[in-house]
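Given next are the chains, with one letter for each unit.
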Protein chains: 2
Amino acid sequence: MTTATLARNGGQATLTVSELAHRTGVAPSAIRFYEKHRLVVSERTAGNQRRFYEAEECIVKIIRVAQRVGLSIAEIRELMADLPERRRITVDDWCVLRRALESEVRARLQALHAALDDLTSDQRLCEIPPTTTHRARH
Amino acid sequence: MTTATLARNGGQATLTVSELAHRTGVAPSAIRFYEKHRLVVSERTAGNQRRFYEAEECIVKIIRVAQRVGLSIAEIRELMADLPERRRITVDDWCVLRRALESEVRARLQALHAALDDLTSDQRLCEIPPTTTHRARH
DNA sequence: GTAGGAGTTAAACAAATGTTGAAGTCAAGG
DNA sequence: CCTTGACTTCAACATTTGTTTAACTCCTAC
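Residues numbered from 1 in each chain as written. Chains lettered and ligands numbered in written order. Predicted model: local features only at pLDDT ≥ 70, side-chain atom pairs only at ≥ 80, totals over all residues. Heavy atoms only, no water.

As named in an unreviewed UniProt entry, chain A is HTH merR-type domain-containing protein, taken from Actinocatenispora comari.

Put into C-alpha cells, the structure is as follows:
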C-alpha cells in the first residue's frame, strides 16, 4: 500500500543553502527568494540555518523549467500545491508534475500556433489584397 | 522582379495611435513604448501626431506573439532588423518572420523537453534508489 | 578567545515592461 | 472665440524576479 519515498539521508534535511545552490545551479539569493514565496521549504538548525531535504533539488530544478514554460511564481506555487510533505515525495509525484508541465506546454504551443496562423491568414493584415500581385512582373 | 506591397492607403501613414491600439488590442501606451524602443515606426503630422502605416498592425501583432514565445524587446528588434521600409513590406516578409518565430519556438521546445527529460532521468534526483521500492508492498 | 567563513535578515537596488498622471498642443464644432 | 476630445512629452509609479549590501550570529580552528 505504501509508496517508497526518495530519502537518502534517513529522511533528514541536510542540505545547506549553498549546497542546494551548487547542485541546482541557482544562486542562494534565488533559493531564499523561492522560500519566501513558499515554493521551496526548509527546516532550521538550532543556530537558525536552513537545511533542505534532498527533494528540494528536484523542486528547484522544476521551478526553473516551469519558468521557462512561462509560469509565474504564483502559478508554480499552484502547480506544486498538491505535493505531499517533502519527506513523502515519490517518483510518482515528480511524474505528475512533469505531466502537468507538459500539458501546459502543449496548451501554450497550440495557442501560439493559432496566433501565428492568425497573423498570416488575416485578410486585412497579411494576405495580398485582391488587386495586387505577389512576385509578379517577371 | 518586383514584389507587390500591401499598402491600402496609397502607401500613406494614416492610422492614429488609438486606431492602431484598437486594431491590435494593445494599449496606446504600449505602442508608444514599442516606438521608443524602435520596434514600431511612425510618421508625424504637421501637428506632431503619430501616423502609422497599415503594416504596423501586423508588426504589433507579431511583437505580441514574439513576446509569448519568450523574446525580449531587444530580441524582437533584432528579429525585425532586416525588414524593408514600412511601405515596401510584402507578404514574403511576414512569412520570413513567421518562419523565424516558428524556428525559435521549435528550438525552445526542444531545449525544454530535454530539461524535462533530465528531471525525471537524473539518478540522484528522481529515480528510485536501488534499495527502495516503488509502489511495492501490495 | 579570537579570526574566518558561512548563514541570517531586512532593505535598497536593478532590469524589463509597461501604465498613469500632469501639463501642454492642436483641430473641429458651436 | 472657446470648449472639447484626442494627441503630445516626460516623469513617476507599478510588478515581477531576483541581486547586493550591511549588520549581525554561529561554528570551527588555531
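Draft legend 1. Structural view of the overall build of chain A. The helix and strand inventory of chain A stands at 6 helices and 2 strands. Ordered by position from N to C terminus, the α and β elements of chain A give α-α-β-β-α-α-α-α. Looking at the 138 residues of chain A, the share that counts as buried comes to 42%. Expressed as a percentage of contacts within chain A between residues at least 6 apart in sequence, the contacts between residues at least 24 apart total 59%. Carbon and sulfur atoms make up 49% of the accessible area of chain A, which amounts to about 7,800 Å² in all. (Helix = DSSP H or I, 4+ residues; strand = E, 2+ residues; numbered from the N terminus. Buried < 20%, exposed > 50% of the residue type's maximum accessible area, 1.4 Å probe, protein only. Contact = heavy atoms within 4.5 Å. Areas by Shrake-Rupley, 256 points an atom, 1.4 Å probe, with all protein chains shown as cover.)

Draft legend 2. Inspection of the protein's contact with DNA strand D at higher detail. Neighbouring DNA strand D are 16 residues; S29 and Q67 of chain A together with S18, R32 and R50 of chain B lie closest to it. Within 4 Å of the protein, atoms of DNA strand D come from sugar and phosphate in 86% of cases. For DNA strand D, a phosphate oxygen lies 2.3 Å from a polar atom in the side chain of S29 of chain A. The separation between a phosphate oxygen of DNA strand D and a polar side-chain atom of R44 of chain B is 3.1 Å. At the level of elements, α2 (28-36) of chain A together with α1 (17-24) of chain B are the ones that each hand at least two residues to the surface near DNA strand D. Ranked by the residues each element gives to the surface near DNA strand D, the list is headed by α2 of chain A, at 4 residues. (Near = heavy atom within 4 Å. Polar contact = N/O pair within 3.5 Å; in protein donor to acceptor, adjacent residues only side chain to side chain.)

Draft legend 3. Region of the structure containing the protein's contact with DNA strand C. Residues in close proximity to DNA strand C total 17 residues, the closest being S18, Q49 and R50 of chain A together with S29 and Q67 of chain B. Between DNA strand C and the protein, one listed contact pairs a phosphate oxygen with a side-chain N or O atom of S18 of chain A at 2.3 Å. Here a phosphate oxygen of DNA strand C sits 3.2 Å away from a polar atom, N or O, in the main chain of A30 of chain B. Of all the secondary structure elements, the ones that give two or more residues to the surface near DNA strand C are α1 (17-24) of chain A together with α2 (28-36) of chain B. With 4 residues, α2 of chain B is the largest single contributor of residues to the surface near DNA strand C. Split by residue class, the surface near DNA strand C holds 6 nonpolar, 8 polar and 3 charged. (Nonpolar A, V, L, I, M, F, W, Y, C, P; charged D, E, K, R; others polar.)

Draft legend 4. Seen up close, helix α3 (residues 55-69) of chain B. Residue and element names in this part refer to chain B. Counted at 1.5 Å a residue, the expected span for α3 with its 15 residues is 21 Å, and the 21 Å between its end C-alpha atoms agrees. Within α3, 12 of the 15 residues are buried, which leaves the element mostly enclosed by the surrounding structure. When we look at burial in α3, the residues that qualify are A55, E56, E57, C58, I59, V60, K61, I62, I63, V65, A66 and V69. Two residues or fewer after α3 comes G70, characterised by a positive phi angle close to 115°. (Expected span 1.5 Å × (residues − 1).)

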